[in-house]
Amino acid sequence: MMQNPNPHNPHDQQVDPHDVEQNKTVAAISYILFFVPLLAARNSRFAMYHANQGLLLLLALIAGNIVLSIIPFIGWMLMPVLNIAALVYIVLGVMNAVNGRKQPLPFMPNVDILK
């Protein structure tokens, strides 16, 4: 088993290397289509963790775009910045999944929507 990098963070729990190796691809895809692990790897804690992160990112992006679309001019100018930031977060999440890490995305809440 891999060592826990941060024992105080419940999301940085130890991961099963076999689970990680089997489900890296599914976990990486979850940042684009969060529901893929629900269909392909429901019993994988690693894939479901990344599916949860992907869903949180999607919800944050939807909420941010709705709020910014309501605010005239400044909100409209900030919307591309939000979408570029979302793209950066997707890349970070995919890199975490491919590298076998259960590390939360920066500034994202530690909320478990998917169990």
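Structure first, text after, so check above.
Reading the values: the criteria
Residues numbered from 1 in each chain as written. Predicted model: local features only at pLDDT ≥ 70, side-chain atom pairs only at ≥ 80, totals over all residues. Heavy atoms only, no water. Helix = DSSP H or I, 4+ residues; strand = E, 2+ residues; numbered from the N terminus. Buried < 20%, exposed > 50% of the residue type's maximum accessible area, 1.4 Å probe, protein only. Areas by Shrake-Rupley, 256 points an atom, 1.4 Å probe, with all protein chains shown as cover. Expected span 1.5 Å × (residues − 1). Bend = angle between axes of the 7 residues up to and from the residue. Axes fitted to C-alpha atoms, helices over the stretch in contact; angles between N-to-C directions. Parallel < 35°, antiparallel > 145°, perpendicular 65-115°, else oblique. Contact = heavy atoms within 4.5 Å. Nonpolar A, V, L, I, M, F, W, Y, C, P; charged D, E, K, R; others polar. Salt bridge = Lys/Arg side-chain N within 4 Å of Asp/Glu carboxyl O.

**Student:** Would you explain the overall build of the chain in this entry?
**Tutor:** Tallying secondary structure elements over the chain gives four helices and zero strands in all. Its helices and strands taken in sequence order, the chain reads α-α-α-α from the N to the C terminus. Taking all 115 residues of the chain together, the buried fraction comes to 38%. Accessible surface, the chain: about 7,100 Å² in total, of which carbon and sulfur atoms supply 70%.

**Student:** What exactly am I supposed to notice about helix H1 (residues 17–29) here?
**Tutor:** Each α-helix turn comprises 3.6 residues. Residues three or four places apart therefore point the same way. With 13 residues, H1 ought to run about 18 Å at 1.5 Å a step, and its terminal C-alpha atoms sit 19 Å apart, in line with that. Along its length, H1 reaches its greatest deviation from straightness, about 65°, at Asn23. Burial in H1 covers these residues: Asp19, Val20, Asn23, Val26, Ala27 and Ala28.

**Student:** I keep staring at unusual backbone geometry and nothing clicks. Help me out?
**Tutor:** Most peptide bonds are trans, and most residues other than glycine sit at a negative phi. Backbone geometry places Phe73, a non-glycine residue, at a positive phi of 60°. You can call Phe73 exposed: its relative accessible area is 59%.

**Student:** Got a minute to help me understand the packing of helix H3 (residues 45–70) against helix H4 (residues 74–98) in this structure?
**Tutor:** When two helices pack together, you describe them by how their axes are tilted relative to each other and by the distance separating the axes. Here H3 crosses H4 at 175°, and the two axes come no closer than 9 Å. Taken together, H3 and H4 sit at an angle that is classed as roughly antiparallel. Note on element contacts: H4 touches H3 through Gly75, Trp76, Leu78, Met79, Leu82, Asn83, Ala86, Tyr89, Ile90, Gly93, Asn96 and Ala97, opposite Phe46, His50, Leu57, Leu61, Gly64, Asn65, Leu68 and Ser69. For the contact of H3 with H4, the class distribution of residues is twelve nonpolar, eight polar and no charged.

**Student:** Looking at this model, I keep getting lost on the pattern of salt bridges. Mind explaining?
**Tutor:** Where charged atoms from two side chains of opposite charge approach closely, those side chains can pair. Using the criterion set out here, one finds one salt bridge in the structure. Here Lys24 ties to Glu21 by a salt bridge, and the two come within 3.2 Å at their closest N and O atoms. Remark: Glu21 and Lys24 occur in helix H1; sequence separation between them is three residues, near one turn of the helix.

Interpretation note: all reported values are geometric properties and have no functional meaning in isolation.
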